[in-house]
Amino acid sequence: MARRRPNFNKTLRSLIRDIAAKMPEFGHVKAGRILVVAGEARRASRGTVKPLCFRGGKSMDRSGRRKPIIRIRRKRMLYCITLRPLFFRGSTAQARVETVIHELFHMSRRFDGTLHSGRRHDVLGRNFSRKLKPLVRRYLKLCPPELLASMAHSGEVRILQWLERPGPAYLPGGSRRVRKVYTEDQLYSGVARMVTPKVRLARDTSARSKVH
C-alpha cells in the first residue's frame, strides 16, 4: 500500500501557530488568516509574502484601486505566503523554519493585510539579517522536535497551489474583466517533492545540540 502524502499545509499552519504562541515578536500573527501555497521559481528566493489588503485591512485605496479578495472557508485571508522550489528541494528543516519566520517578519504588527514599512530589505539592508537571525536561533530552541521532524520530511507532500492566481490591484469599471473574489475553487491540492540534505541536516542538528 502506497504511503499517504502528508498534508504540508497542516504542518505549516501548526508551525506558524507555534511561532506566534512562543515568540512575543510574532504574537500578533494569526495562522488562520494566512494562506500558504507552493509556487514557481523566482531567482534564488525560497519564499515570498504578498499583502492582500491596503492599510487598515481595506480592499480599496484612496485612488479607487481594489485588491482581489481571497476567502477560504468563508474567512478572508490577509496574507499569502508562496513557497518556492528551493524551499522544497534545497533547504534543511532549520532553513525552512527560517524562511517561514522571514516571511512573518515582513508582516505589519497591526496584522491588517499590509507589510511592515520598516522591515523591508531595501530599508534595513544588511541589518535585516542581523535582526532576523537571533529570532530564528531563539525559536529553533523552542520548536517541538516532532514539528522540526515534519519540516525535515523527504518525499512527496500535498500543498495548496493556484489554479488561477489572483492578479494585482485593479480599477473597477475597466475594460478588462477581473475576478474580484477568489476561493477554494481557484485552488487545488497539488504534489510537491521535498528533498532534505541528510548530511547538512545532521550538521545542523549537531550544532543545535551544542547550543543546548
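Notes on the structure follow. (Residues numbered from 1 in each chain as written. Predicted model: local features only at pLDDT ≥ 70, side-chain atom pairs only at ≥ 80, totals over all residues. Heavy atoms only, no water.)

## Details of the pattern of salt bridges
Where charged atoms of side chains with opposite charge meet at close range, the side chains can pair. The criterion, for reference: When a carboxyl oxygen of Asp or Glu is within 4 Å of a side-chain nitrogen of Lys or Arg, the pair counts as a salt bridge. Helix numbering and strand numbering both begin at the N terminus, where a helix is a DSSP run of H or I of at least 4 residues and a strand a DSSP run of E of at least 2. Throughout, exposure labels follow a simple rule: accessible area from a 1.4 Å probe, protein chains only, divided by the maximum for the residue type, with under 20% read as buried, over 50% as exposed, and the rest as partly exposed.
What the rule picks out here adds up to nine salt bridges. When the shortest N-O distance is used, the salt bridge between Glu25 and Arg138 registers 2.5 Å. One end of the pair, Glu25, is in the loop between α1 (8-22) and β1 (34-38); the other, Arg138, is in helix α5 (residues 127-142), and 113 residues separate them in sequence. Among the residues examined, Glu25 registers a relative accessible area of 25% and is labelled partly exposed. Arg65 is the salt-bridge partner of Asp61, the closest N and O atoms lying 2.9 Å from each other. Asp61 gets classed as buried once you look at its relative accessible area, which sits at 19%.

## A closer look at the environment of Glu156
Put simply, the rule is: In what follows, a contact means two residues having at least one pair of non-hydrogen atoms within 4.5 Å. Definition of a polar contact: a pair of N or O atoms within 3.5 Å, with one able to donate and the other able to accept a hydrogen when the atoms are protein atoms, and with sequence-neighbouring residues admitted only if both atoms are side-chain atoms.
Examined against the element boundaries, Glu156 turns out to sit in strand β6 (residues 155-162). Judged by its relative accessible area of 33%, Glu156 is partly exposed. As a C-alpha pair, Glu156 and Pro6 span 150 residues in sequence and 7.6 Å in three-dimensional space. Beyond its immediate chain neighbours, meaning those up to four positions away, Glu156 contacts Arg5, Pro6, Val191, Ala192 and Arg193. Within the local environment of Glu156, its side chain forms a polar contact with the side chain of Arg5, the two groups lying 2.6 Å apart.

## Comments concerning the sheet that holds strand β4 (residues 75-76)
Inclusion rule: Here, a strand pair is defined by DSSP locating no fewer than two bridges between the strands.
On the basis of which strands lie adjacent, the open sheet formed by three strands has the order β4-β3-β7 and mixed pairing. The open sheet terminates on both sides in strands that have one partner only, identified here as β4 and β7 (181-182). As judged from the two bridges shared by strand β3 (residues 69-72) and β4, these two strands associate in the antiparallel manner. Residue pairing in the sheet places Arg71 in a bridge with Arg76 of β4.

## Digging into α1
Our working rule: Here, expected helix span is obtained from the residue count minus one, scaled by 1.5 Å.
Taking 1.5 Å of rise per residue, 15 residues should cover 21 Å, and α1 covers 21 Å from first to last C-alpha, within 8% of that figure. Burial in α1 covers these residues: Phe8, Asn9, Thr11, Leu12, Leu15, Ile16, Asp18, Ile19 and Ala20. The opening residue of α1 is Asn7, an N-cap whose side-chain oxygen sits 3.0 Å from the backbone nitrogen of Asn9.

## Focus: the environment of Ala149
On the secondary structure map, Ala149 appears in helix α6 (residues 145-151). Spatially, the C-alpha atom of Ala149 lies 10 Å from that of Thr11, the residues being 138 residues apart in sequence.

## Examining the nonpolar core
Our working rule: The criterion is simple. A nonpolar core is a set of buried Ala, Val, Leu, Ile, Met, Phe, Trp, Tyr and Cys residues joined through side-chain atoms within 4.5 Å.
Of all hydrophobic cores here, the largest spans 45 residues; its most connected members are Ile34 and Leu104. The contact partners of Ile34, leaving out residues within four places of it in the chain, are Ile16, Val29, Met77, Tyr79, Ile81, Leu104, Met107 and Phe111. If you look at the next biggest cluster of nonpolar residues, it comprises ten residues, including Ile70, Cys80, Trp162 and Tyr182.

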